[in-house]
Amino acid sequence: MLAPKIVLITGANRGIGLEFVKQFLLLKSPPKYIFACCRHPYTAVELKGVAKGNPLVHVLKLDVCDKSSIDNAKAFVESKVEAEGLNLLINNAAIVSLADLYNVTREDMAKLYETNAIGPLMVVKSFLPLLKKAASVDPSAAMSCNHAAIINISSDVASISGNSSSGYYAYRASKAALNMITTNMSLDLKNEGILATAIHPGWVKTGMGGPTASIDTVKSVTGCMPVMEKLHGEEGTGKFYHGVTGDTIGW
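As the structure is a computational prediction, the values presented were derived from the model and not from experiment.

Student: It is not clear to me how the environment of Leu-101 should be interpreted in this structure. Could you clarify?
Tutor: Position of Leu-101 among the secondary structure elements: in the loop between strand E4 (88-91) and helix H4 (106-137). Overall, the relative accessible area of 47% leaves Leu-101 in the partly exposed class. As for Leu-101 and Gly-167, which are separated by 66 residues in sequence, their C-alpha atoms are 6.8 Å apart.

Structure, rendered in C-alpha cells:
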C-alpha cells in the first residue's frame, strides 16, 4: 500500500502537481504532512483552497531555480518533520518549449536545462539530509516510496531509444538530462536506502500538455500512484516507468 508519511511535491500549484496533492489526500492512510511547493503561492488559488480544508497540506514557496528559495523551504520542512525526515520527494516542476531545429535558441536550451534538470538536482541536494533521516528510521527496510524515495517526473520524449519524431530540442534534452541525473542518484543513494526513479505521467491536458493531450490529470496521477506503490528494493530504483501503463521505457 502506498502510504508515505511525509511528502514534498514541487510545481504543486496546478496540473499534475496539484492532482498529486489531491490524490495523496484520498489515500486510505494519507500522509502526516504534504508540502505543496510552487514559485508563487500567493496566486495558487486552487492549491490554497485545498490546503484551507486540509491542515496537513502546507503551501510553500519554492523556485527550483533559486537556491535561497529551496533552502528556505527545506528549513521550514525540517522544522516540522524533525527526526522523521522526508519519505517522498516528487520533482514535478518543469517548463516546456516546442522549438525545433530551426527555431531553438541558446536561451531556450539554457532556460529549460536550468529548470528541468539542474533545478531538480539542487532540490534533492538540499533535501537529502531529510531523506537520509527518513531512511535511517528503519535501516533494514527495503527501498520504497513509503520509506525514502525521489520520484523525478520525466517524459517519454526524453527517451533516446524511443525518439522517432524529433523536435522539442530543449525539452527533450533537458528531460534526458534529468533521466541521467536519476540513474546517477539511484547508484549514489542505494546504499543509503533511498530510491530514485523517473516516471513519465503520460500526455496530459495541462498548461504544458495542451488541450489536445490524451488524458486528464486524474487519469495520469491515478496511474502513477500504483507504479510508485510497486517500487521496492533494487528492482524499483534507477528505472524509467510509464505512469499510465506501468511499463518501463527505454532510456
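Don't stop here, the text continues.
Student: Where do I start with the packing of helix H1 (residues 15-25) against helix H6 (residues 217-230) in this structure?
Tutor: How two helices pack is summed up by the angle between their axes together with the distance between the axes. Direction vectors running N to C along H1 and H6 enclose 60°, while the axes themselves pass 9 Å from each other. Classified by the angle between their axes, H1 and H6 sit oblique to one another. As for the relative orientation of H1 and H6, their crossing is right-handed in sense. Contacts from Gly-15, Ile-16, Glu-19, Phe-20, Gln-23 and Phe-24 of H1 reach H6 at Thr-217, Val-218, Ser-220, Val-221, Thr-222, Cys-224, Met-225 and Met-228.

Student: Got a minute to help me understand the pattern of salt bridges in this structure?
Tutor: Under the defined criterion, the tally for this structure stands at eight salt bridges. For Glu-84, the salt bridge is made with Lys-32, and the minimal N-O distance between the two is 2.9 Å. In this pair, Glu-84 sits in the loop between helix H3 (67-81) and E4 while Lys-32 sits in the loop between H1 and strand E2 (33-38), placing the two residues 52 residues apart along the sequence. A residue is classified by how much of its surface remains accessible, and Lys-32, at 39% relative accessible area, is partly exposed. Each of Lys-5, Lys-32 and Glu-84 takes part in one network of salt bridges that share partners.

Thresholds applied
Residues numbered from 1 in each chain as written. Predicted model: local features only at pLDDT ≥ 70, side-chain atom pairs only at ≥ 80, totals over all residues. Heavy atoms only, no water. Helix = DSSP H or I, 4+ residues; strand = E, 2+ residues; numbered from the N terminus. Buried < 20%, exposed > 50% of the residue type's maximum accessible area, 1.4 Å probe, protein only. Axes fitted to C-alpha atoms, helices over the stretch in contact; angles between N-to-C directions. Parallel < 35°, antiparallel > 145°, perpendicular 65-115°, else oblique. Left-handed = near helix turned anticlockwise from the far one by under 90°. Contact = heavy atoms within 4.5 Å. Salt bridge = Lys/Arg side-chain N within 4 Å of Asp/Glu carboxyl O.

Just distances and angles here, no functional claims.
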